[in-house]
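What follows is each chain in one-letter form.
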Amino acid sequence: MRKEYIDRQKREFGRKVVISLPIHYPKEILTALDVLCVELWGPPGEISGNQAGRIQTYVCPVVRKALAFIAGGHASEADALLFPHTCDSIQGLASLLPDFGGWNGPVLRFIHPKGERRASSEVYLVREIEAFIAQVETLTGKKLEPARLSSAVKLHAEIDALKLRILKLRRNIDMRDSELYAILRRGEWLWPEDHMAELKELASKISDKPQKKGVALMLSGIVPEPMDIFDVLENAGAFIVADDYAAIGRRISSSSAELPDNPLQAVIERYFALPPCSTRSSDLAGRVEYLTGLYSQNGAAGLVLHNVKFCEPEMFDVAMIKKRFAAMNSPVLYVETELEKQLSGQLSTRLEAFVEMASKGGESE
Amino acid sequence: MITRKIQYQMAKRAVGPFLMALDRWQSAQKSRKRKPRETPFGPPLQSVQKLKEIMTLNYFEGRYADGAVPVAWVTSGFPAEVFFALGFHVVYPENHAALCSTRHKVPEIAEFAERDGLSRDVCSYARTDIGSVISGKTPVGRLPKPDMIACCTNICQTVLYWYRNLAEYLNVPLVLVDTPFMYGGTREHHLDYVSAQLGEVIEAAERISGRRMDAEKLARVVENARDGSRLWGECLAISQARPAPWTGIDTFFHIAPIVTIRGTETCNEYYRMLKDELTERVKAGVGGIKNEKHRLLWDNLPIWFKVREHSTMTAERGFNFVCATYSNAWAEAGDLIDPSHPLESAAKTYTYVYLNRDLDNRLKTTVDLAKSFGVDGAVLHSDRSCKPYSVGQVDVKERLQKDMNIRVLLLEADHADERSLSGEQAEMRLLAFMENFND
Ligand code: SF4
Ligand code: SF4
């Protein structure tokens, strides 16, 4: 289905297709230059093919699977690969594939600044985005028109605003979390206008009364894989009330309402207004503060830290987050997954036990 | 404050040097009494005693530094010249963690960080230093509390995650020099970004220390750093001789001054002395090991807690690690540093760092080293704890084998945490690798 959709985008609309590694990149630029971006988070399941062994098993599965997938020839529909500067492992992959084989096509790179907003990082980000525009212009053979960028900025701001509303009022949608996330995650590969249409339909299902009952949980991590985590939690009597996945919540900028008229400046503002993320090395105290705020504003009764195995950026934040939640007497569960197809029985049991404990306002595991 | 200053000056100028002199005398007495042991190594380097003194004194001074002078904890790749020029005492947590590992203290200390929620899958240097901050445990007596923490991402992003945690635990400000990774060449706006951040760092350091940067002093420190880096490179290059007058494993220890007191006259004096000694050894045909039959290259960080065992085991079989990408990384900067343009040249120097560059460049550097040192084999330490250094090694191994026609071993271990490595397993692999050379 995804493949057919991508083919049609190329055929009918003449769009270029870029396969992007996670996580943060200025999607507005791609949209404005008519590039369909397809994100690569996996694919879930066993790593296969003889390319997989080119990266050691102590490196995160997102990167190892991406290598196996791309170098195994499965990215042939792409016109280019995009590597945002997410972490040491993606940085390594961004050199390994083009330098040592596995991808011969064009490569786009976006090296976002790390740490807090500073005078130096503001200036740098403007110039890095200009450099990114130049890369995409070369790829497409098109010149970026300010009017097109303005529309793209507006479109993505609307998408953000819609997603924010959906996530805020998710209790009022009569839909299983697994279905809701499936729709939200289609934004990883749909053309933004198509994604927007689906989000609008989803938003139309928001009723004025809560539809969900059970233990309200907050989830934080990199990516909600395997997706059956939602069913396991829901079947145990929980529902998700707040989201801090890097793939979802951490990419929704809260700046949409007050973006400046200058579209390039708007892209910059949007970036700096994203929620704190370990992969952008946001201030740690600020991140913990943000999480506790999100948790209490949404009335969560427990926090599941759902990490990808060997994900260093995220692992370094866990201790401080756990400590702060423990001080608030809020139950926390830490789990690791490896982009497997399904949760293991053991992990499902831990999640079920956690829901039961959280329902009684219990202590962290 | 005044008492602290007096204590610090006493430690630096009187007590420290006295203790060092005492240690020197005791060592001389002991070695006079001791019968020379039979080892596979050449005669020990005389400079070792001086190295020990410099490093011990540095940590000893540090015990009294906080409250007396401003203190900064910095990453190994940080442009610390700015701190030296402002009279800071500078602490290198990576060097401290390596020291903990050579003393087999990592499991005990890192456990404090792990109990606090830090995963055992993250860099063992980070776990060790965070564990040391939590527990106060350290083999150096005491580390001074920093007034600021300074992080440069030119070796990895991991240091930033780690230093963000240190800043939280110690409740001190963190300054950052974020160096965009170099794919191929660097770009103007990347260097401008690094330059601008250096300006921000100086402002913060001035504010925190209450001192003003003296341009002449900075130029002097930068000049020393350039000369120190060149001298270090010259010491390493001497191992192109056959037999190499020292071992690559020695270089892992003698690297300490260029990492921790780069920019000081003490650092340069030390390397002049070392260079003279190595040159003399070459003239006299003295080798780092007695019977050099095979020359090897080492890639990635050392396995600190096993360094001695591994070097003895290899030396006994006539194998010498004559060069290492790790030691070489601190010699590369020499020609980029320009004291007349300290900030602009620092931006370039600290961006063009081995680990901040793409794999093509890494392979090229490795091949150049292998060729110029005439190696016939290489050991690539696949370091569980250091993902940035290790990603790509599988391909590098193949390339080296194919293009250079040398034997290459990919040896999985950890640079600091002995719990991650079955010692016997690594030794078996090294032994099997060396046996191959008899084919
Ligand atoms: S899961 Fe973590 S380590 Fe892996 S690519 Fe994503 S951010 Fe990097
Ligand atoms: S050992 Fe590797 S991961 Fe750890 S700080 Fe050094 S370069 Fe970074």
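Everything discussed here concerns the structure shown above.
All figures in this text were calculated on a predicted structure; none of them were measured in a lab.

Rules used in this analysis
Each chain has its residues counted from 1, following the order in which its sequence is written. Chain labels run from A onward and ligand labels from 1 onward, assigned in the order the entries are written. Note on the predicted model: pLDDT of at least 70 is required for a residue's local features to be given, and 80 or more for side-chain atom pairs to be given and counted; whole-chain, interface and lining totals, by contrast, use all residues. To obtain the side-chain values, all non-hydrogen atoms of the structure were included, while hydrogens and water were left out. If even one non-hydrogen atom of a residue comes within 4 Å of a molecule or strand, that residue is called near it. Side-chain classes are defined by residue name, with Ala, Val, Leu, Ile, Met, Phe, Trp, Tyr, Cys and Pro counting as nonpolar, Asp, Glu, Lys and Arg as charged, and the others, Gly among them, as polar. Between any two strands, at least two bridges found by DSSP are needed for them to pair. Secondary structure is summarised from DSSP: a helix means a run of H or I of at least four residues, a strand means a run of E of at least two, and numbering begins at the N terminus for each. The handedness of a crossover follows from its direction of travel: if, with the strands pointing away from the viewer, the path from the first strand over the helix to the second runs clockwise, the crossover is right-handed. Only rings of Phe, Tyr and Trp enter the pairing, Trp through its six-membered ring, and a pair is recorded when the two centres are within 6.5 Å. The plane angle decides the type: under 30 degrees is stacked, over 60 is edge-to-face, the rest tilted. Throughout, exposure labels follow a simple rule: accessible area from a 1.4 Å probe, protein chains only, divided by the maximum for the residue type, with under 20% read as buried, over 50% as exposed, and the rest as partly exposed. Note on contacts: a residue pair qualifies if any of its non-hydrogen atoms lie within 4.5 Å across the two residues. Here's the idea: put two parts together, see how much 1.4 Å probe accessible area each one loses, and the total over both is what we call buried area. Every case where a carboxyl oxygen of Asp or Glu lies within 4 Å of a side-chain nitrogen of Lys or Arg is listed as a salt bridge. Here a polar contact means two N or O atoms within 3.5 Å. Within protein one must be a hydrogen donor candidate and the other an acceptor candidate, and residues neighboring in sequence count only if both atoms are side-chain atoms. To count toward a patch, a residue needs a relative accessible area above 30% and no salt bridge. Like charges then connect within 9 Å, nonpolar side chains (Val, Leu, Ile, Met, Phe, Trp, Tyr) within 5 Å. For the accessible areas, the method is Shrake-Rupley and the probe is 1.4 Å, while residue cover comes only from the protein chains on display. Under this rule, positive means Lys or Arg and negative means Asp or Glu; His and the chain ends count for nothing. Every charge is mapped onto a representative atom, which is NZ of Lys, CZ of Arg, CG of Asp or CD of Glu.

Quick look at the site of ligand 1
Here is step 1: All residues adjacent to ligand 1 are Cys-60, Val-62, Val-63, Thr-86, Cys-87, Ile-90, Thr-279, Val-308, Cys-311 and Pro-313 of chain A.
Here is step 2: Taken together, the residues of the shell around ligand 1 sort by class into eight nonpolar, two polar and no charged.

A short note on the pairing of strand β4 (residues 107-110) of chain A
Residues in a regular strand point their side chains to alternate faces of the sheet.
Residues and elements named next belong to chain A.
Here is step 1: Examined bridge by bridge, strand β3 (residues 80-84) and β4 share four bridges and lie parallel to one another. Counted as the bridge partner of Phe-83 is Arg-109 from β4.
Here is step 2: Of the crossover connections in this fold, the one passing from β3 over helix α4 (residues 88-100) to the parallel β4 is right-handed.

Section: the packing of aromatic side chains
Residues and elements named next belong to chain B.
Here is step 1: Enumeration over the complete set of coordinates arrives at 26 aromatic pairs over all chains.
Here is step 2: With centroids separated by 6.4 Å and ring planes inclined at 75°, the aromatic side chains of Trp-304 and Tyr-326 adopt a geometry described as edge-to-face. Residue Trp-304 is located in the loop between β5 (294-299) and α13 (307-316), and its partner Tyr-326 is located in helix α14 (residues 325-328); the two are separated by 22 residues in the primary sequence. Considered together, Trp-304 and Tyr-326 belong to a single accessibility category, that of buried residues.

A short note on the pairing of β5 of chain B
Residue and element names in this part refer to chain B.
Here is step 1: In terms of burial, β5 is largely enclosed, as six of its six residues are buried.
Here is step 2: Along β5, one buried face is formed by His-294, Leu-296 and Trp-298 and the opposite face, lined by Arg-295, Leu-297 and Asp-299, is buried too.
Here is step 3: Relative to strand β6 (residues 319-324), β5 is paired through five bridges, and the arrangement is parallel. The residue of β6 that forms the bridge with Leu-296 is Phe-321.
Here is step 4: For the crossover from β5 across α13 to β6, the handedness is right-handed.
Here is step 5: Note that β5 and strand β7 (residues 377-383) share four bridges and pair parallel. Its bridge partner lying in β7, Asp-299 is registered against Leu-380.

Description of the interface of chain B and chain A
Here is step 1: Between chain B and chain A, the contact holds 52 residues from the first and 51 residues from the second.
Here is step 2: Both faces considered, chain B and chain A share a buried interface measuring about 4600 Å² in area, 58% of it formed by carbon and sulfur atoms.
Here is step 3: On the chain B side of the contact with chain A, Tyr-161, Arg-164 and Tyr-183 of chain B bury the most area, a combined 17% of that side's loss.
Here is step 4: The closest approach of N and O atoms between Arg-164 of chain B and Asp-317 of chain A, which form a salt bridge, is 3.1 Å.
Here is step 5: For the pair chain B and chain A, the interface holds 28 residue pairs in polar contact (both at pLDDT 80 or more).
Here is step 6: For the side of chain B that touches chain A, the elements supplying multiple residues, two or more each, are α7 (158-170), α8 (188-209), α16 (359-372), β7, α17 (387-390) and α18 (393-404) of chain B.
Here is step 7: Here the residues of the side of chain B that touches chain A are counted per class, giving 22 nonpolar, 13 polar and 17 charged.

Focus: the site of ligand 2
Here is step 1: Taken together, the neighbourhood of ligand 2 is formed by Cys-123, Cys-156, Thr-158, Val-159, Trp-162, Leu-301, Ser-385, Cys-386 and His-415 of chain B.
Here is step 2: Partitioned by chemical class, the residues of the shell around ligand 2 number six nonpolar, three polar and no charged.

So, unusual backbone geometry
All names here are of chain A.
Here is step 1: Cis geometry marks the peptide bond from Pro-22 to Ile-23, where omega comes out at 10°.
Here is step 2: Position of Ile-23 among the secondary structure elements: in the loop between β1 (16-20) and α2 (27-32).
Here is step 3: Residue Gly-42 is joined to Pro-43 through a cis peptide bond whose omega torsion reads 0°.
Here is step 4: Secondary-structure assignment places Pro-43 in the loop between β2 (35-39) and α3 (61-74).
Here is step 5: Despite not being glycine, Asp-34 shows a phi value in the positive range, around 65°.

Comments concerning a positive patch on the surface
Here is step 1: A cluster of basic side chains, namely Lys-5, Arg-211, Lys-217 and Arg-220 of chain B, defines a positive patch on the protein surface.
Here is step 2: With respect to the helices, strands and loops of the structure, Lys-5 of chain B is situated in helix α1 (residues 2-33).

Structural notes on a nonpolar patch on the surface
Here is step 1: There is a patch of nonpolar side chains on the surface, built from Ile-2, Ile-6, Met-10, Val-15, Phe-18, Leu-19, Leu-22 and Trp-25 of chain B and spanning about 800 Å² of accessible area.
Here is step 2: For Met-10 of chain B, a relative accessible area of 45% gives the class partly exposed.

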